[in-house]
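Structural features, examined
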Amino acid sequence: MMSRVIKKFFVASMIMWMAPVAILYGFNNHIFPGTGQLSSSSQTLMSGFLAVVSVNLVIVLYIIMAMKETGSSEHQPDPAFLAEANASIKQPSNMTTNDDTPAREKVE
């Protein structure tokens, strides 16, 4: 189970590294059609924007894959914690206000 998680993480990390580099390389070497007609600044902006979008797309796909994974067991709260929490809820609160405390004033 753990090796599958590590493998998915490794593959996603490699794609997150390779996709932007491939996009930047493709724009700078005019591999993509139509990039030859763009000005240098437009080419830089377009390649940078698409590289950022590709990284975000990989992150979203990785999150979707992680959400679809089925866990081996459902998470259950600790019984000792639940017992302590229920006991604290059932106790009456002894919160009383004491008007005898002196009021704090701002000192400058």
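Keep in mind that what you see is a predicted model, and the values were worked out from it rather than measured. (Residues numbered from 1 in each chain as written. Predicted model: local features only at pLDDT ≥ 70, side-chain atom pairs only at ≥ 80, totals over all residues. Heavy atoms only, no water.)

With respect to the secondary-structure elements, Glu69 resides in the loop between helix H2 (40–68) and helix H3 (79–90). For Glu69, a relative accessible area of 28% gives the class partly exposed. Between the C-alpha atom of Glu69 and that of Val5, which follows or precedes it by 64 residues, the distance is 9.5 Å. (Helix = DSSP H or I, 4+ residues; strand = E, 2+ residues; numbered from the N terminus. Buried < 20%, exposed > 50% of the residue type's maximum accessible area, 1.4 Å probe, protein only.)

The subject of this paragraph is the packing of aromatic side chains. The description of an aromatic ring pair uses the distance of the two centres, along with the angle that the planes make with each other. Taken as a whole and assessed by the stated rule, the structure comprises two aromatic pairs. Measuring from ring centre to ring centre gives 6.2 Å for Phe9 and Tyr62, while their planes differ by 65°; the resulting arrangement is edge-to-face. Taken together, the residues Phe9 in helix H1 (residues 2–28) and Tyr62 in helix H2 connect sequence positions 53 residues apart. (Phe/Tyr/Trp six-rings, centres within 6.5 Å; stacked < 30°, edge-to-face > 60°.)

Moving on, we get to unusual backbone geometry. Positive phi values are uncommon outside glycine, yet His30 reaches one of about 55°. Looking at the element boundaries, His30 is found in the loop between H1 and H2. Given the relative accessible area of 44%, His30 is considered partly exposed.

A few words on a nonpolar patch on the surface. On the surface, a cluster of nonpolar side chains totalling about 680 Å² of accessible area is made up of Phe10, Val11, Met14, Ile15, Trp17, Met18 and Val21. Within the secondary structure layout, Phe10 lies in helix H1. (Patch = residues over 30% accessible without salt bridge, like charges linked within 9 Å, V, L, I, M, F, W, Y side chains within 5 Å. Areas by Shrake-Rupley, 256 points an atom, 1.4 Å probe, with all protein chains shown as cover. Salt bridge = Lys/Arg side-chain N within 4 Å of Asp/Glu carboxyl O.)

Right, let's get into the packing of H1 against H2. One can describe the packing of H1 onto H2 by two numbers: an axis separation of 9 Å at closest approach and a directional angle of 165°. Between H1 and H2, the angle falls in the class roughly antiparallel. Once H1 is placed against H2, the crossing between them reads as right-handed. Taken together, the residues of H2 that come into contact with H1 (itself represented by Lys8, Phe9, Ala12, Ile15, Met16, Ala19, Pro20, Ile23, Leu24, Phe27 and Asn28) are Gln43, Met46, Ser47, Gly48, Leu50, Ala51, Ser54, Val55, Val58, Ile59, Tyr62 and Met65. Its residues placed into classes, the contact of H1 with H2 shows 17 nonpolar, five polar and one charged. (Axes fitted to C-alpha atoms, helices over the stretch in contact; angles between N-to-C directions. Parallel < 35°, antiparallel > 145°, perpendicular 65-115°, else oblique. Left-handed = near helix turned anticlockwise from the far one by under 90°. Contact = heavy atoms within 4.5 Å. Nonpolar A, V, L, I, M, F, W, Y, C, P; charged D, E, K, R; others polar.)

Don't take any of this as a statement about function, it's just geometry.
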